[in-house]
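Residue-level structure breakdown
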Amino acid sequence: MAMPSSLLWAVDVFGRVYTLSTVGQYWELCKDTQLEFKRVSAVKQCCWGIACDHQVYTYVFSGDVPIRYQEETYENQRWNPVGGFCEKLLPSDRWQWSDVSGLKHQQLDSFTLPSPHWEWESDWYVDENIGGEPTEKGGWTYAIDFPSTYTKDKKWNSCVRRRRWIRYRRYKSRDVWAKIISQDEPDQLPDPFNDISIGGWEITDEPLGRLSVWVVSLQGRVWYRENVCHHNPEGSMWSLITTPGEVVQISCGPYDLLWATLWEGQAIVREGIDRNNPQGISWSIVESPSSENGIMHVSVGVDVVWCVTKDRKVWFRRGVNSHNPCGTSWIEMVGEMMMVTVGLNNQVWGIGCDDRAIYFRQGVTPSELSGKTWKAIVSGRESDRSQTGSSTSLLSAGCFFTDDIQNQTNAIIQGDADTSSDTELPSVPMSLANTPPTGAAGSSSGNGTGNQTAETHANLTVDPLDSDQGEATVASTSSEKANLEIHRTSTNANPSAELQWTNIDLKEAQKHPVLSVSTFAETSSLSSLGMFSVGAEEQYGADEHPLWAWVSGGGCLVDLHSPLKWFTVPSGLSSSVQSLSLSITPAQTAAWRKQIFQQLSERTKRELENFRHYEQAIEQSVWVKTGTLQWWRNWKPHKWMDVRVALEQFTGSDGMRDSILFIYYMYHEEKKYIHVFLNEVTIIVEVLNEAKHSFALYTPERTKQRWPIRLAATTEQEMHDWLSLLNMSCCESRRIQGPPSHHAIWSVTCKGDIFVSEPSPELEAGPHLMPCDQMFWRQVGGHLRLIECNTRGIVWGVGYDHTAWVYTGGYGGGFIQGLASSADNIYTQSDVKCVYIYENQRWNPVTGYSSRGLPTDRYMWSDASGLQECTKTNTKPPSPQWSWVSDWYIDFNTSGGTDREGWQYAADFPASYHGHKTMKDFVRRRRWARKCKIVTNGPWLEVPPVTLWDISIIPSSDADDEEAVALWAIGDKGDVLCRLGVTQLNPAGTSWLHVGTDQPFISISIGAFYQVWAIARDGSAFYRGSVSPKKPAGDCWYHIPSPQKQKLKQVSVGRTSVFVLDKNGNLWYRQGITPSYPQGSTWDHVSNNIRKMSVGPLDQVWVIADKVQGSHSLSCGTVCHRTGIQPMEPKGLSWDYGIGGGWEHITVRGNATEASRVTMHDSSEESPAVSKDVDEESKEKIEHSKTPLMVSESQELDRNAVNC
């Protein structure tokens, strides 16, 4: 799978801005071509630049989610006995129109747009919502006096009232260069600017998308742009930062690293940059690496610094980190550069000193930050491709060549593309050294074709760094130039030298006479420039690479695992082959595969028909795998013990395989065994355990007990071998193969593993319901946080890093290899999540807060519960598949708020924490976070670029394959989005449509008849009116009151039912919904202890529940099914307990399979929902619709219960 694309920005010597995608092959000219630029600085979401008029411009990428800012003001009124509430206030009162505090006068007409790049979205309107509750018409809230606590209800003593007015403005200048207009007085404008650098977005994520923008003026002064963030992409004003000398150039990294260079040649480093002070506090001076030549240019990354001195030498700074931003010493790198730039993960680019080509530093890894070699980027420009067309591409031009030459040409391109060090190259130029005279002979005879051949061939041989070497153009260059180049090539004494300088790191190897870059660049550029006509639009000859003046990699993320296409010359043939292959759709391929499979099956049946009456000669029985594992033993004290495990696989008379797993152990020096028939196993799941590579096997009986068979291997590879084999054997025993059906039920464990189950028709209706602990779950590769599906086979997932993924139709992946995994439709998938630990402190009168607690206190470094010690050194990633990708950092986004240093205060452990210290607070804690990453594979493709929080797909519709399927989502910033162009053939859709809201949302669901419900971050519910296939975004939101004193967190809409879940784990059903009144009337309580829920197309309800009682232990995160749901009993009657614990998410929105309808008798008798070990009192509870899920309130969670 191609990695998500990011852009490398560059400016050529004519001031034109180009971008090169990490998945692309061509430089694309920036859309807004009116301006000429000197320098640019880019991050992922935008680019800032200094044009030739010395003004600053910003280029914000267009996205599906608009940039909106909410302006608000309050209208205040006081009651008087004569006229009731009126605008006349007391002299001591606040203004009639004010901000929320009442201190600032804010009339409606005082709000103006900050710059011409904004536009108003709508007029002013009243907000009729207070803390998640709808107010009366008019939006007034009442209080005794200003300032006070406001309520929506008017009381006898309500003397004042206020209401909030809202208006949104939208940033409109996207995908164009927007000039930064200074709001200051004209005589106080900063000097003309000379250099710019942006970064600092990783210092803090508050406010959202915050950026540090630093500029240097022509006078050598440094300025900082205040308040640049997502909803204010231009910032507000320039602040002057004092410096120890005149500054020439500046560079800002994504974190807290900021270096600048002085006229005298030293570097200065900014110290004290943090989330509370993004401008930093002071400067430190770092001397130049060489006394003769000062620093000319510097560039910083996450924790690296590169510089170029005045003699064009490149240097790397050793020992740089956030604790020591100055580093320790300089190391000289090989090569001469005009400038260098550092990218997102410390990747480096530079502009060559002589040829003005852009070079990429290969071999930069976290362990080797300085990299290995420079390699030139030879990508052509999009404009060249469109002008010259595919006829001038190298392979198309092969008609001018002999076969011999064409083959050699391919060979040299292949060599340059595939080789990253010079030592492997000499064999290729050897064959080429003899070919140029052929071209020379042709050109001397005056033949035009000979001229082209000679010139093109010479270019290919002499200049492998030429960005357009793939384009054999028929430019009217003189034959003298071609002969000159041929002569140089053929007379070169050292054949390996021709390509020696592709990697300019190998200083020592360049002892032989080598053709220098500068001589060729000089001759070619002079001869080309001589041909320009006045006002020619294209300033380069088509056979010459662009000359670059500036490059910025601040927004470019180069994935170490994915190959780049920058170093190979684009070929016309391959693009035509690509277009040919693209014309065959995945659906056609699938149809062909199905047809071939059917033909093979029919042929096999025909051939076997004659031999039906023969008995099978031998009943095969074979030991497939034996080995030693550890087993979590059944009896107390529970502990791991060594066992021998054997999997016996046998083939029955019908040719189908079945398997038995034997576990041999010693009990009081007596050899015993337990065995499991694999056709009874319902799931094999990896268990989250830092110390062991363990997994669990469940059968229906063990699911009831909440006590699976737990086995552990010594290595991760051994565990995956067993898991893969056992999974395949289980699928063979149950005759399951191929991808999941459209009606499959998908679920995700708290570890992020994905499981899928094929529903039986008896699962939802019928005289004999199938208990859900008998469902068989098989694993699908990949790693997700949540997953959603529908009856058309469209499945989307969201990772822990909020990346959206769409299902490709494959199966297997991850550790599941061989026949149990599809050969195609499996792609690389990565995910990033945070691991948290807590630093705890107690106050004492002598030292204040310190890490010395009472003997009864929790560990001073612990997990959230305080029961487990977790220090920075002993905390490992969740499993060996994860690797750290950041250092420990203080997390300021903890619920309850934090102070400036990240601390939360409380009276004692454990208690409710708050973000400010009071007199009664004797303990405090702060949360530290560290990011880790997993790279796996599965049948998933990324849907860039918007990151998501929640997703919902319309559960069922009778539309054909071509008709659009409604898909709604919530972005990770709380924006509501509607996906356009989603069909069965194109499940990823085409683009996002933004749906406006007054506040951020957290949950959304669309029902079978386009009824859209959503939950806002403040816990209130909303219904979207008039959504239909013709009007996919609907028209407006209706506020639905929440259940009394409850904040909602999730909603799910089925065919006609609407269920919501509040933050205390209570499940509610919406009564009174009819086609004419789709908002319903009241909330009915159904159950407690629910973590997540999913309502399907048959209005079936499945949940992930906590505290489910088994005969051996209590489990959290258990799949449960609501039974007894009928049209007259939409809330159902009781719960049926399935697989668990350790489950995080389930979706049944694809399951529309129902058995033939049979009148159900007393469902409490027939429903197998009640576990045998539930006492009589609990049975009585289950008879009622308000069934509590937690059966035993008193029993604590068993420490031996499995949480995956």
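As the structure is a prediction and not an experimental result, all values here were calculated from the model.

All right, on to the sheet that holds strand β56 (residues 967-971) then. Consider a sheet: its strands pair through backbone hydrogen bonds, and that pairing is either parallel or antiparallel. With respect to topology, four strands assemble into an open sheet ordered β55-β56-β57-β58, the strand pairing being antiparallel. Strand pairing shows two members of the sheet lacking a second neighbour, β55 (948-953) and β58 (991-995), which therefore form its edges. Strand after strand, the sheet turns through a mean of 30° between neighbouring axes, direction not considered. Sheet topology places β56 next to strand β57 (residues 976-980); four bridges connect them, and they run antiparallel. Across the sheet, the residue bridging to Ile970 is Val976, located in β57.

The next point concerns the pattern of salt bridges. Applying the stated criterion across every chain, the model contains 23 salt bridges. In this structure, Arg78 engages Asp145 in a salt bridge whose closest nitrogen and oxygen atoms are separated by 2.8 Å. On the criterion of sequence distance, the pair formed by Arg78 in strand β7 (residues 68-80) and Asp145 in the loop between β14 (141-143) and β15 (160-171) is long-range, its members being 67 residues apart. Judged by its relative accessible area of 13%, Arg78 is buried. A salt bridge links Arg221 to Asp191; its shortest N-O distance comes to 2.9 Å. With Arg221 in the loop between β18 (211-217) and β19 (222-228) and Asp191 in the loop between β16 (177-179) and β17 (193-199), the pair connects residues that are 30 residues apart, well separated along the chain. The exposure class assigned to Asp191 is buried, which follows from its relative accessible area of 12%.

Now for the side chain of Arg778. Mapping Arg778 onto the fold places it in strand β43 (residues 777-780). Polar side-chain contacts of Arg778 include one of 2.8 Å to the backbone oxygen of Gly738. Look past the residues within four positions of Arg778 in its chain and what remains in contact with it is Cys731, Ile736, Gly738, Pro739, Pro740, Ile754, Phe755, Val756 and Glu758.

The subject of this paragraph is the packing of aromatic side chains. Counted by the stated rule, this structure contains 47 aromatic pairs. Look at Trp746 and Tyr807: their rings are 5.2 Å apart centre to centre, the planes differ by 70°, and that puts the pair in the edge-to-face class. Of this pair, Trp746 sits in strand β41 (residues 745-749) while Tyr807 sits in strand β46 (residues 804-807); the two residues are 61 residues apart in sequence, bridging distant segments of the chain. Tyr807 gets classed as buried once you look at its relative accessible area, which sits at 9%. Ring geometry for Phe755 and Trp1143: centres 5.8 Å apart, planes at 45°, overall tilted. Residue Phe755 is located in strand β42 (residues 754-757), and its partner Trp1143 is located in strand β73 (residues 1143-1147); the two are separated by 388 residues in the primary sequence.

Attention now goes to unusual backbone geometry. Excluding glycine, residues mostly have negative phi values, and the peptide bonds linking residues are mostly trans. In this structure, Pro637 follows Lys636 across a cis peptide bond, with omega equal to -5°. Looking at the secondary structure, you find Pro637 in the loop between β34 (621-632) and β35 (640-651). Each neighbour pair has its own omega, and for Pro944 with Pro945 the value is -5°, a cis peptide bond. Here Pro945 lies in the loop between β54 (940-942) and β55. One non-glycine residue with positive phi stands out, namely His54, at about 65°. The partly exposed category is assigned to His54, whose relative accessible area is 25%.

Because an α-helix packs 3.6 residues into every turn, residues spaced three or four apart end up facing the same way. Over its 18 residues, helix α11 (residues 716-733) extends 26 Å from the first C-alpha to the last, a length consistent with the 26 Å expected when each residue adds 1.5 Å. For α11, the complete set of buried residues consists of Met719, His720, Trp722, Leu723, Ser724, Leu725, Leu726, Asn727, Ser729, Cys730, Cys731 and Ser733. Of the residues one or two after α11, Arg735 is the one with positive phi, at around 60°.

With that out of the way, let us pick up the side chain of Asp99. Mapped onto the elements of the fold, Asp99 is located in the loop between β9 (97-98) and β10 (118-120). One buried charged residue, Asp99, remains without a salt bridge, the closest side chain of opposite sign being Lys104 at 6.2 Å. Within the structure, Asp99 has its side chain in polar contact with the backbone nitrogen of Gly102 (distance 2.9 Å). Discounting chain neighbours no more than four positions away, the residues touching Asp99 are Tyr74, Lys104 and Gln106.

Glancing now at the nonpolar core. Trp796, Leu948, Trp968, Val976, Trp992, Phe1001 and Trp1037 are the most contacted members of the largest nonpolar core, which has 36 residues in total. Those elements that provide at least two residues to this core are β45 (795-798), β46, β55, β56, β57, β58, β59 (1001-1006) and β60 (1012-1016). Counting residues per element, this core draws most heavily on β56, at four residues. Ala10, Ala42, Cys47 and Ile351 belong to the second-largest nonpolar core, a separate cluster that totals 31 residues.

Within the structure shown, the criterion is met by ten cavities of 30 Å³ or more. Of the pockets and cavities examined, the largest cavity occupies roughly 250 Å³. Residue lining of the largest cavity: 29 residues in total, with Ser41, Ser197, Ser251, Ser299 and Thr341 positioned closest to the centre. At the level of elements, β4 (37-42), β17, β21 (247-252), β25 (295-300), β28 (329-342) and β33 (548-552) are the ones that each hand at least two residues to the lining of the largest cavity. A breakdown of the residues in the lining of the largest cavity according to their chemical character gives 16 nonpolar, 13 polar and no charged. Quantified by volume, the second largest cavity comes out at close to 80 Å³. Contributing to the lining of the second largest cavity are 14 residues, with Glu686, Lys692, Met719, Ser879 and Pro880 lying nearest its centre. Listed by contribution, the elements that provide at least two residues to the lining of the second largest cavity are β38 (683-687), β39 (693-698) and α11. The residue inventory of the lining of the second largest cavity, partitioned by class, reads five nonpolar, five polar and four charged.

For the rest of this paragraph, the subject is the pairing of strand β26 (residues 305-309). Of all five residues making up β26, five are buried, and the element is well covered by its neighbours. Residues Val305, Cys307 and Thr309 of β26 are buried on one face, and the alternating residues Trp306 and Val308, pointing to the opposite face, are buried as well. Where β25 meets β26, five bridges bridge the pair, whose relative direction is antiparallel. Considered in β26, the bridge of Val300 is made with Val305. Between the end of β25 and the start of β26, which pair antiparallel, lie four residues. One ladder, built from four bridges, connects β26 with strand β27 (residues 313-318); its direction is antiparallel. The partner of Val305 across the bridge, within β27, is Arg317. Between β26 and β27, which pair antiparallel one after the other, the connecting turn spans three residues, and Arg312 there sits at a positive phi close to 70°.

The rules behind these values
Residues numbered from 1 in each chain as written. Predicted model: local features only at pLDDT ≥ 70, side-chain atom pairs only at ≥ 80, totals over all residues. Heavy atoms only, no water. Pairing = 2+ DSSP bridges. Helix = DSSP H or I, 4+ residues; strand = E, 2+ residues; numbered from the N terminus. Axes fitted to C-alpha atoms, helices over the stretch in contact; angles between N-to-C directions. Salt bridge = Lys/Arg side-chain N within 4 Å of Asp/Glu carboxyl O. Buried < 20%, exposed > 50% of the residue type's maximum accessible area, 1.4 Å probe, protein only. Polar contact = N/O pair within 3.5 Å; in protein donor to acceptor, adjacent residues only side chain to side chain. Contact = heavy atoms within 4.5 Å. Phe/Tyr/Trp six-rings, centres within 6.5 Å; stacked < 30°, edge-to-face > 60°. Expected span 1.5 Å × (residues − 1). Lys, Arg positive; Asp, Glu negative; His and termini not counted. Core = buried A, V, L, I, M, F, W, Y, C linked by side-chain atoms within 4.5 Å. 1 Å grid on protein atoms, 1.4 Å probe; cavity = no way out; pocket = protein on both sides within 12 Å on 5 of 7 lines; lining within 4 Å. Points joined across faces, edges and corners; volume = space filled by probe spheres on them. Nonpolar A, V, L, I, M, F, W, Y, C, P; charged D, E, K, R; others polar.

Nothing here speaks to function; it is geometry throughout.
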